[in-house]
Amino acid sequence: MINIALPKGRLGKKVYDMFAAAGYPCPSISDTNRKLIFENPESGIRYFWVKPSDVAIYVERGAADIGVAGKDILMEYTPEVYELLDLNIGKCRLSVAAKKGFRDNTDKTLRVATKFKNITQQYYRSHCRDIDIIKLNGSIELAPILNLSDVIVDIVETGTTLRENNLEVVETILPISARLIANKANFKFKSSRIEDICSHMKLQCSASSEGERTYD
Ligand code: PRP
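Described below are features of the structure shown in this document. Because the structure is a prediction, the values reported are computed rather than measured.

1. A closer look at the site of the ligand
Reasoning step 1: In the vicinity of the ligand lie 13 residues, with Lys115, Glu141, Thr158, Gly159 and Thr161 positioned nearest.
Reasoning step 2: In the model, an oxygen atom of the ligand is placed 2.6 Å from a nitrogen or oxygen of the Glu141 side chain.
Reasoning step 3: Within the side chain of Thr158, one N or O atom sits 2.5 Å away from an oxygen atom of the ligand.
Reasoning step 4: Burial of the ligand by the protein amounts to 72% of the accessible area it has alone, namely 490 Å².
Reasoning step 5: When residues of the shell around the ligand are traced back to their parent elements, those giving at least two are β9 (151-156) and α6 (160-164).
Reasoning step 6: Among the elements that line the shell around the ligand, the one with the most residues is β9, at three residues.
Reasoning step 7: By residue class, the composition of the shell around the ligand is two nonpolar, six polar and five charged.

Here it is as structure tokens:
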């Protein structure tokens, strides 16, 4: 069996569709129930749904052989995994954003709200800017509106959340996309199957990148 950790939520369906089109379908996954594990014994594949930010943990510790995680998570937590392939889906950016018209007063420590503490620290350190990090777990856009922070560092996909809350991008830190990752030890034992999956997925990436959206 190859154990594959799929990210639940908006990216998950796209990722599963890609595996299915690559030749690794598991029809029972479309059943409407609360099951988390789905197997296709004929193709020797077992999928499980996990929280997107947990995929790298399952893979790093070998509970999953492979999985799909965003580059943001890989940069933030630097798990010991192999990054096999850029799937070219789940494209977004990690950006600094603030209320419209915001001007940074460099005499003061900048208050930054984010889920991405490590990336944020590295980014501002490289700019020699003193910051006070406010670690939040969601709805980050609220922070500057309620004056909890001056800016946020957060994911921007369509830009709708920023727009609808009168915020705007100040700077882009990192372009993000979904990556196929593998457990280092399991990759050795199951290398031919994992490499097969990777090359079939690669064909799907080139097919799906035709006509893809680009962001400025
Ligand atoms: C993410 C991110 C932004 C939003 C960006 O939040 O943190 O809030 O998506 O998407 P957009 O540019 O297409 O509007 P998510 O939906 O994961 O929820 P969260 O606020 O709980 O993090």
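That was the structure; now back to the text.
2. Considering helix α1 (residues 12-21)
Reasoning step 1: Looking only at α1, the buried set comprises Gly12, Val15, Tyr16, Met18 and Phe19. The buried side chains of α1 occupy one side of the element, clustering within an arc of 155° when seen end-on.
Reasoning step 2: Downstream of α1 by a residue or two, Gly23 has a phi angle that is positive, lying close to 105°.

Definitions and cut-offs
Residues numbered from 1 in each chain as written. Predicted model: local features only at pLDDT ≥ 70, side-chain atom pairs only at ≥ 80, totals over all residues. Heavy atoms only, no water. Near = heavy atom within 4 Å. Polar contact = N/O pair within 3.5 Å; in protein donor to acceptor, adjacent residues only side chain to side chain. Areas by Shrake-Rupley, 256 points an atom, 1.4 Å probe, with all protein chains shown as cover. Helix = DSSP H or I, 4+ residues; strand = E, 2+ residues; numbered from the N terminus. Nonpolar A, V, L, I, M, F, W, Y, C, P; charged D, E, K, R; others polar. Buried < 20%, exposed > 50% of the residue type's maximum accessible area, 1.4 Å probe, protein only. Arc of directions from axis to C-beta.

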